[in-house]
Amino acid sequence: VELFQTEDDDDDSGTHYLNSDERPCTHLQRAERPGNGKLPDTFQTDHLLYYERFKAYQDYMLGDCKTSEVEAFTAEYLEKIAEPCDWQAIWHTDVFDVLVEVVDVDCKELKAKVELVLPMECETRGCDLTEESMKALLEATLHKVPILELSVVYDESGDFDQTALALEHLRFFYKHIWRKWDEEDEDDDFDYFVRCVEPRLRLYYDILEDRVPAGLVAEYHSTLALCFEKFQEFSSLRSGLDSDSESEQDNVSMVEGLRLYEQLEALKRKLRIIENPLLRYVLGYKVNSGQQSCRAKGPRPTGDRVVHLVSASATVHQLQSLITDKLMPHYSGEEFEVQFHSDPVLAVNACYEGDVVIVCPGLYSITSSISIVDSVEVEGYGLPDEVVIEKRNKGDAFVESTGANVKLSNLKFIQRDAVEGILCVRQGKLEMENCVMQCETTGVIVRSAAQLCMNMCDLYGSKGAGVEIYPGSVCSLVGNGIHHCKEGILIKDFADELDAMPKITMVNNMIHNNQGYAVILVKPGAAAVEDLPAEPNADTVVQSEADIDDDDVPTIVVEEECPAIQHGHSVPPDFTEGNDAIKQELVATSAKKHGLRKSRMKALGAMQADENLLSQEMFISIHGNQFKHNGKGSFGTFLY
């Protein structure tokens, strides 16, 4: 009973069993039974945190055991922790709950010997159960029932806390962690906890906390169910084979068994990919966060185009206005037909290339991603504040665009409780106009080789950057408001030095009230570019001595003022300084990268060195932007 007690341990974990002198009563909550049944309450043990279960399995139950030792370790754990007798429990099955008293525990078989508490207290589901029939059932089972079907009756004394928790950990382990095929794993010499328990436990809580895309969750559960089915078929077939037989039937069964084995191994590999956090992100997560939809449908086979109308409800007047203002002027040709939807996600999923989605005024709450894979247009009919799409599911990104030519306009996107960015342009081109984005995490992400044209939009609330621009992308920002984010615009120049620079246009944007900088450039520090050519303008970058230090800690460099620039009086000086500082820093960065490319290619003898240092400039046009009330200034550089 004292297994979890240590003198110096002050951890407050739910699996830390405190000394009885410190806790004379239970520290577990009561799980009240629904309704007005006669059965007593039990302990609340199914709301344990990740680290509580992790600690119990690692420190007390499994340790460094091998797969073949799991059964012995769990039996030893139960023997040390659970009270051997004289405690009451609810025996729970699919058809009844009944109060019993445990008189003995068989730890090896994970069974308990029980006696019926008289007078009998039970609740049934779809059957009639008498005291005599329950006694007969217990006699038929020799009064032994699976201990995982028992829930300890609540007791304020604290004497049965450890028993209740031990049963909970065992029940959770065999339901969510253990797989029937684990004991046949060829990697039996490796730590079972590290190899199987930890990743499966982490995945369970990631799913519970909505940190895994819904598509990947569905794929995992379906794959797991199919794997159980194939394992059952394989086991049944294997048990019926006679190894010494050479009959034709056994030979056919042998071939079928090999086929099932290969299918089973493929399913197990797929499960391991999803269960492993890193592989889940690299190989599984990307597939279900937009990449699986990268295969565009193309034009509709019939050659027709569809206008998808999204509306939960509409008045006759609204419908008449929609027909008069939109449908008749633009979509009255014979190639168009109209389809009606109540959900914008379903409308986008039904699109083929060239289709149009018109979202009528209203608030649309969704739980899955809007994944746009074809060249379509999604337009709100009305002002952005009248056409609102709100997303509450944590695991998926809000909007992902991979279509060759996509347009969004007159829409407001509101993100709730998210862990992903509000919009990601993974590939292709996305044009946004007159949209509002209320962010929860990162704002708009423009991946390498993708294009974004964002015009007259309003973006705010990001806990990261309002707009993230990756190397090799093309990004045009004209007339936008980006405010109340951690950073305004973040330009990533941290990939391999030979990667293409992004092409950026920033015109007439208002970037204000951000916690950090209006624009921040992420790039390698001096140690990462040792052999770079000298900068074309010594005044371009202002650095402190700490920036040239060999320390690996990233530093922030702020270009507050460039003496070589003479400001006019038509534009406030701080706005002009911000634009010019950005422009000069991007010139210097592109010159460094271009110089490094020249030196490398020249050494390889692949091409002649190009003396035009500015031929690879990052910006196309940067002017007219206004920077106000940003916490750290207009422009900064993050060196790493």
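The rules behind each value
- Residues numbered from 1 in each chain as written.
- Predicted model: local features only at pLDDT ≥ 70, side-chain atom pairs only at ≥ 80, totals over all residues.
- Heavy atoms only, no water.
- UniProt positions renumbered as here; feature names shortened; annotations may be inferred.
- Helix = DSSP H or I, 4+ residues; strand = E, 2+ residues; numbered from the N terminus.
- Contact = heavy atoms within 4.5 Å.
- Areas by Shrake-Rupley, 256 points an atom, 1.4 Å probe, with all protein chains shown as cover.
- Patch = residues over 30% accessible without salt bridge, like charges linked within 9 Å, V, L, I, M, F, W, Y side chains within 5 Å.
- Salt bridge = Lys/Arg side-chain N within 4 Å of Asp/Glu carboxyl O.
- Buried < 20%, exposed > 50% of the residue type's maximum accessible area, 1.4 Å probe, protein only.
- Phe/Tyr/Trp six-rings, centres within 6.5 Å; stacked < 30°, edge-to-face > 60°.
- Lys NZ or Arg CZ within 6 Å of the ring centre and 35° of its normal.
- Pairing = 2+ DSSP bridges.
- Axes fitted to C-alpha atoms, helices over the stretch in contact; angles between N-to-C directions.
- Parallel < 35°, antiparallel > 145°, perpendicular 65-115°, else oblique.
- Nonpolar A, V, L, I, M, F, W, Y, C, P; charged D, E, K, R; others polar.
- Core = buried A, V, L, I, M, F, W, Y, C linked by side-chain atoms within 4.5 Å.
- Domains from an automatic or database assignment.

You'll find the protein entered in an unreviewed UniProt entry as SHC SH2 domain-binding protein 1-like, with Sinocyclocheilus anshuiensis given as the organism. Per its UniProt entry, the protein bears the Subcellular location (unreviewed entry) comment "Cytoplasm, Cytoskeleton, Spindle".

Student: What am I meant to see in the overall build of the protein here?
Tutor: Looking only at helices and strands, one finds 11 helices and 35 strands in the protein. Summarising the internal contacts of the protein: among those between residues at least 6 apart in sequence, 67% fall at separations of at least 24. Counting only carbon and sulfur atoms, one obtains 50% of the accessible surface of the protein, whose full area is about 31600 Å².

Student: What is the right way to read a nonpolar patch on the surface from this model?
Tutor: Taken together, the side chains of Leu319, Ile323 and Met328 make up a nonpolar region of the molecular surface, amounting to roughly 260 Å² of accessible area. Mapped onto the elements, Leu319 comes out in helix H9 (residues 316-330). With a relative accessible area of 38%, Leu319 lands in the partly exposed category.

Student: Can you help me understand the environment of Asn509 in this one?
Tutor: In this structure, Asn509 sits in the loop between strand E29 (503-507) and strand E30 (510-512). Classification of Asn509 by relative accessible area gives buried; the value is 1%. Separated by 118 residues in sequence, Asn509 and Phe627 place their C-alpha atoms 8.4 Å apart. Residues contacting Asn509, with those up to four places away along its chain left out, are Leu477, Val478, Gly479, Asn480, Gly624, Asn625 and Gln626.

Student: Just checking my understanding: could you explain the packing of aromatic side chains for this structure?
Tutor: Geometry of an aromatic ring pair is reported as the spacing of the ring centres plus the angle between the planes. Under the definition given, this model contains 18 aromatic pairs. Here Phe54 and Phe193 contribute two aromatic rings whose centre-to-centre distance is 5.1 Å and whose plane-to-plane angle is 75°, an arrangement assigned as edge-to-face. Residue Phe54 is found in helix H1 (residues 50-61), and its partner Phe193 is found in helix H5 (residues 192-208); the two are separated by 139 residues along the sequence. Looking at Phe193, the relative accessible area reads 2%, which means it is buried. Taken together, the aromatic side chains of Tyr50, Phe54, Phe172, Phe193, Tyr204 and Tyr205 make up a single cluster linked through ring pairs. When the ring centre of Tyr50 is taken as origin, the NZ or CZ atom of Arg202, which lies over that ring, is 4.2 Å away. Between Arg447 and the ring centre of Tyr470, over which it is positioned, the NZ or CZ distance is 4.6 Å.

Student: For this particular structure, what's the right way to read the side chain of Thr93?
Tutor: Following the sequence through the fold, Thr93 ends up in the loop between strand E3 (87-92) and strand E4 (96-106). Leave out the neighbours within four places in its chain, and Thr93 touches Arg125 and Glu149.

Student: How should I be thinking about the pattern of salt bridges in this particular structure?
Tutor: Two side chains that carry opposite charge are able to pair once their charged atoms sit near each other. Scanning the entire structure with this criterion turns up 25 salt bridges. Notably, a salt bridge pairs Lys135 with Glu131, separated by 3.5 Å at the nearest N-O pair. In this pair, Lys135 and Glu131 both sit in helix H3 (residues 131-140), four residues apart, roughly one turn of the helix. When its relative accessible area of 26% is taken as the criterion, Glu131 is described as partly exposed.

Student: Mind showing me how you'd approach the sheet that holds strand E21 (residues 436-438) here?
Tutor: Strand order in the open sheet formed by eight strands is E12-E15-E18-E21-E24-E27-E30-E34, with parallel pairing between adjacent strands. Only two strands of the sheet have a single partner each, and these edge strands are strand E12 (362-366) and strand E34 (626-628). Across the sheet, the axes of successive neighbouring strands diverge by a mean angle of 10°, strand direction being ignored. Alignment of E30 against E34, held across three bridges, turns out to be parallel. When the bridges of E34 are listed, Met510 appears paired with Gln626.

Student: Got a minute to help me understand the packing of helix H4 (residues 161-177) against H5 in this structure?
Tutor: Geometry of a packed helix pair, given as the angle between the helix axes and the separation of the axes. For the pair H4 and H5, interaxial distance at closest approach is 11 Å and the crossing angle is 85°. Judged by the inter-axis angle, H4 sits roughly perpendicular to H5. Across from Phe172, Phe173, His176 and Ile177 in H4, the residues of H5 making contact are Tyr192, Val197, Arg200, Leu201 and Tyr204. By residue class, the composition of the contact of H4 with H5 is seven nonpolar, one polar and one charged.

Student: Where do I start with unusual backbone geometry in this structure?
Tutor: Peptide bonds are, in most cases, trans, and in most cases residues other than glycine have a negative phi. Geometrically, the link from Leu118 to Pro119 is a cis peptide bond, its omega value of -5° lying close to zero. Within the secondary structure, Pro119 sits in the loop between strand E5 (111-116) and strand E6 (122-124). Notably, Asp86 is not glycine yet its phi reads approximately 60°, a positive angle. Here Asp86 is to be found in the loop between helix H2 (70-81) and E3. Non-glycine residue His629 carries a positive phi angle of around 55°.

Student: In this structure, what is going on with the pairing of strand E26 (residues 474-478)? I would like to understand it.
Tutor: Each regular strand shows side chains that alternate between the opposite faces of the sheet. Relative to E26, strand E23 (residues 450-455) is paired through five bridges, and the arrangement is parallel. The residue of E26 that forms the bridge with Cys453 is Ser476. Bridging between E26 and E29 involves five bridges; their strand directions are parallel. In the strand pairing of E29, Val478 is matched with Val507.

Student: Explain the nonpolar core to me, please; I cannot follow it from the model alone.
Tutor: What tends to happen in soluble globular proteins is that the nonpolar side chains get buried as a cluster. Counting residues in hydrophobic clusters, the biggest one holds 68 residues, and the most contacted among them are Leu408, Met437, Leu452, Ile489 and Val519. Ranked by the residues each element gives to this core, the list is headed by strand E11 (residues 356-359), at four residues. Taken together, domain 3 (297-360) and domain 4 (362-525 + 605-639) each give at least three residues to this core, which thus spans both. What Met437 contacts, discounting residues up to four positions off in sequence, is Phe413, Ile422, Met432, Val444, Met454, Cys457, Asp458, Leu459 and Tyr460.

Student: It is not clear to me how the sheet that holds E23 should be interpreted in this structure. Could you clarify?
Tutor: Within a sheet, adjacent strands bond to each other through the backbone by hydrogen bonds, running parallel or antiparallel. Read from one edge of the open sheet, 10 strands run E10-E9-E11-E14-E17-E20-E23-E26-E29-E33, paired in parallel fashion. One side of each edge strand has no neighbouring strand; the edge strands of this open sheet are strand E10 (336-341) and strand E33 (619-623). Across the sheet, the axes of successive neighbouring strands diverge by a mean angle of 10°, strand direction being ignored. The pairing of strand E9 (residues 305-310) with E10 spans six bridges and is parallel. The residue bridging Arg305 from the neighbouring strand is Phe336, located in E10.

Student: So what exactly am I meant to see when it comes to the pairing of strand E25 (residues 465-469) here?
Tutor: Burial of E25 is extensive: five of the five residues sit out of reach of the surface. When strand E22 (residues 444-446) meets E25, the two strands line up parallel, connected through three bridges. For Val444, the partnering residue across the bridge sits in E25 and is Val467. Pairing of E25 with strand E28 (residues 487-492) involves four bridges; the strand directions are parallel. Paired with Ile469 across the bridge in E28 is Ile491.

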